Amino acid sequence: MGLRQLVIDAWSWLNYKPVMTEAGRPGSRAFPELAKTWVPPHELRRLAAYKVLAAYDNNQAGQLAAAGGDASALERRELGDAANLVDTVLGYLLGSEQKITVEGAEHADEETPTPGAAEAAAVQDRLRKWADKELLTFRVQQAERAAVLLGDSVMVLAWNPQKQRPTLRVYDPGFFFPQWHDEDEDFPSRVHLAWELPADDDAGLKARVRRVTYELGPIFEDGEHGDDGPAAGGRQYPWEPGRTSNVTCYLTDAEWLLEELKNGETLERLPMDKASFRVRPDGTELNRLDLMIDFVPVVHIANTIPDGGEQWGRSVLARVLQALDELAATDSDSSAASATTGTPIIGLAGARLPVDRATGRPQELEVKAGAVWQLGETGRMDALDTSPQLAELRARVDHLLERIASNSRVTAAGLGTLDATQVPSGYALKLALGPLDALIGMMRLAREHKYRLLFKMVQRLYQAGRAEGWTAGETLSARLAWAPHTPTDRGAVLEEVVKAYGAGVLSLETAVTMLLEAGYPIKDASQEVERIRAKAEQEAAVRMEELPGAGAMRRTTIKRTTRGQVRPG
């Protein structure tokens, strides 16, 4: 008998699933949509992995196993443990709030602000207003849950002329197909967003595949042609004044009828002569439309830091998926054992069974309260006691939960299953949460650059759209600041801030920022600093009023004449 093919890649942790064992067409039996001819073969394992993870999130892992040939899996009990783990990690990742910060904006309200601080504060204010209008917090929740569950998420920006601002949309990572032309590229030069549109008989529409393509390419000047076609041109973008670029981003949005596609016409090879291009509300056909930007406005968020040579993230369920299977199986066994414990199996000997008068056969006895059975002189009743097995199964459930908490690095304290009486001190709790701190730190590090890139694109789209208040110039560095993911000892932080600021080793801005990060109800650090300084000036003025001789000092004024001479008033 030959060995089964061994595949080691970013989704090898799913190889134990029957739907993933077929290296050529993984998941084609359980997920017929993956068998479509337009789906690139090298993307099948990734798409099948997304389907498997989505099944666990929706308590359909038993149905998935049944599709793979295990008919008994339909009786499996799934109580939402996978979704609970995902939502718990998501809550720790996001914290209580997220806030956009621009480097240098915190120094704008100082007595001697640093160069560029006022501009940074203005950009920060405009970005926060954009975030409110575009429901950034809601979009981040959408994107991050997909990233935590599936390992990846996709955000797409587009300039909206009517709203006069960039719009932000979140896409399923299963629609995302980046095209890399060079292994040394930091970002793909071509990106496809593709999905299937089902047939609509009422509207007379057939099944189609839609593909939205962003592609970087050379700029061509209209009306200028060389021997080989239009002549390449150049353009100065507002974020790089004084520098000419010959690269722009083209947008193509088209549909193809599935029945017209042949074998081999995959996503990258769809015939353009059969394409039906979409049209914008202003009548512009979306066929290589010049977006007037030199970047692809698509941001891919990976849940973890990818391995070398990889670009895809890993789900938080990846390392504990088999443990979740064991937990579901144990819950099913526990449910069956509890049925026999509550209504035990009873054996009777020497009993007089009632007879059904119609059939003449003995009737079955029912175990219920108040039932009376007549036994003979040698009669005996034995009950099957399954309570020890039930207790063992419940203990195994607790063991599996501890194992899942440990291997996922969420910890029992993070999942809320740790008994508070087992924690002798706050320091011990901090040690218990150590793996969770490392997990969230790694996940936030994986996202740090992606959100900086997102806000850079937002600024440049504003500049490209010539929006009011957005002038040409260098793009400022902005980031997404996360709130603490675990409770903070606010009293200890306050004491530390008071001592450090009183000793002069911390600035007022840094002290307020520390209090903000500790969870104090401070809406804006710069405004809080301004209020503190204004109050200090008022208190200083009151103290001056109370000094002896202060009235005489006020009556003595200095007046300056038109000749520049000074005389007492």
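Heads up: the structure comes first, above all this text.
An account of the accompanying structure is given in this report.

How each quantity is defined
- All residue numbers refer to position in the chain's written sequence, counted from 1.
- Where local features are concerned, this predicted model is filtered to residues with pLDDT of at least 70; where side-chain atom pairs are given and counted, the filter is 80 or more; whole-chain, interface and lining totals use all residues.
- Only heavy atoms go into the side-chain values, all of them from the structure, while hydrogens and water stay out.
- Should a side-chain nitrogen of Lys or Arg be within 4 Å of a carboxyl oxygen of Asp or Glu, the pair is scored as a salt bridge.
- A helix here means a DSSP run of H or I that spans at least four residues, while a strand means a run of E at least two residues long, and both kinds are numbered starting from the N terminus.
- Stacked, tilted and edge-to-face are the three classes applied to pairs of Phe, Tyr and Trp rings, where Trp contributes its six-membered ring and a pair requires centres within 6.5 Å; stacked means planes under 30 degrees apart, edge-to-face means over 60, and tilted covers the rest.
- Partly exposed describes any residue whose relative accessible area lies between the buried limit of under 20% and the exposed limit of over 50%, with all areas from a 1.4 Å probe on protein chains only and scaled to the type maximum.
- Note on geometry: a ring has a charge over it if NZ (lysine) or CZ (arginine) is within 6 Å of the ring centre and within 35 degrees of the ring normal.
- For two strands to be treated as a pair, DSSP must find no fewer than two bridges joining them.
- Here a cavity denotes a set of grid points, spaced 1 Å apart and computed over the protein atoms alone, in which a 1.4 Å probe fits but from which it cannot get out, and a pocket denotes an open set meeting protein on both sides within 12 Å along at least five of seven lines; residues with an atom within 4 Å of a point are reported as lining.
- Grid points are joined across faces, edges and corners, and a volume is the space filled by probe spheres set on the points.
- In the scheme used here, Gly and all other residues not listed as nonpolar or charged are polar, with Ala, Val, Leu, Ile, Met, Phe, Trp, Tyr, Cys and Pro taken as nonpolar and Asp, Glu, Lys and Arg as charged.
- Neither His nor the chain termini are counted; the positive set is Lys and Arg, and the negative set is Asp and Glu.
- Contact criterion: two residues are considered in contact whenever any of their non-hydrogen atoms come within 4.5 Å of each other.
- Any pair of nitrogen or oxygen atoms within 3.5 Å is treated as a polar contact; in protein, a donor-acceptor pairing is required on top of that, and neighbouring residues in sequence qualify only through side-chain atoms on both sides.

Let us look at the pattern of salt bridges. What the rule picks out here adds up to 28 salt bridges. Between Glu 215 and Arg 190 there is a salt bridge, and its shortest N-O distance comes to 2.6 Å. Taken together, the residues Glu 215 in strand β6 (residues 208-218) and Arg 190 in strand β5 (residues 190-197) connect sequence positions 25 residues apart. Several salt bridges converge on common partners, so that one network encompasses Glu 103, Glu 448, Arg 452 and Arg 479.

Here we take up the packing of aromatic side chains. Applying the stated criterion to the full structure yields nine aromatic pairs. With a centroid separation of 6.0 Å and an interplanar angle of 40°, the aromatic rings of Tyr 171 and Trp 195 are classed as tilted. Of this pair, Tyr 171 sits in strand β3 (residues 165-171) while Trp 195 sits in strand β5, and the two are 24 residues apart along the sequence. Note on Phe 176 and Trp 312: the rings are 6.1 Å apart at their centroids and 80° apart in plane angle, and the pair reads as edge-to-face. With Phe 176 in strand β4 (residues 176-179) and Trp 312 in the loop between β14 (298-302) and α6 (321-342), this residue pair connects regions lying 136 residues apart in the sequence. For the pair formed by Phe 176 and Trp 312, the shared burial category is buried. What links up through ring pairs into an aromatic cluster is the set Trp 159, Tyr 462 and Trp 470. Above the face of the Tyr 250 ring, Arg 288 is positioned so that its terminal group lies 4.2 Å from the ring centre.

All right, on to the pairing of strand β11 (residues 247-257) then. Buried residues dominate β11, accounting for nine of its 11 residues. Two elements, β6 and β11, share 11 bridges in a ladder whose sense is antiparallel. Looking at the pairing, Arg 211 lines up with Ala 254 of β11. Sheet topology note: the β11/strand β13 (residues 289-290) ladder contains two bridges and is antiparallel. Bridging from a neighbouring strand, Tyr 250 pairs with Asp 290 of β13. With two bridges connecting them, β11 and strand β12 (residues 276-277) associate as antiparallel partners. Bridged to Glu 255 within β12 is Ser 276.

Now for empty space enclosed by the protein. As enumerated under the stated definition, the model contains three cavities of 30 Å³ or more in all. In this structure, the largest cavity occupies an estimated 120 Å³ of space. Along the wall of the largest cavity there are 15 residues; nearest its centre are Glu 78, Asp 81, Ala 82, Leu 324 and Ala 328. With five residues, the single largest contributor to the lining of the largest cavity is α6. Here the residues of the lining of the largest cavity are counted per class, giving seven nonpolar, two polar and six charged.

With that out of the way, let us pick up the side chain of Lys 450. Positionally, Lys 450 belongs in helix α10 (residues 434-464). Buried charge Lys 450 goes without a salt bridge, the closest partner of opposite sign being Asp 152 at 7.8 Å. In this structure Lys 450 touches Val 299, His 300 and Ile 301, once residues within four positions along its chain are discounted.

A word on the pairing of strand β2 (residues 152-160). For β2, a buried count of seven out of nine residues is recorded, marking the element as mostly surrounded by other parts of the structure. Two elements, β2 and β14, share five bridges in a ladder whose sense is antiparallel. Bridge pairing in β14 places Asp 152 opposite Ala 302. Hairpin connection from β2 to β3: four residues lie between these consecutive antiparallel strands, with Gln 164 at a positive phi of about 60°.

Relative to the elements of secondary structure, Thr 248 occurs in strand β11. Thr 248 sits in the buried class, given a relative accessible area of 0%. A polar atom in the side chain of Thr 248 sits 3.3 Å from the backbone oxygen of Ile 293. Apart from the residues within four sequence positions on either side, Thr 248 is in contact with Glu 215, Leu 216, Gly 217, Pro 218, Ile 219, Arg 235, Tyr 237, Asp 290, Leu 291, Met 292, Ile 293 and Asp 294.

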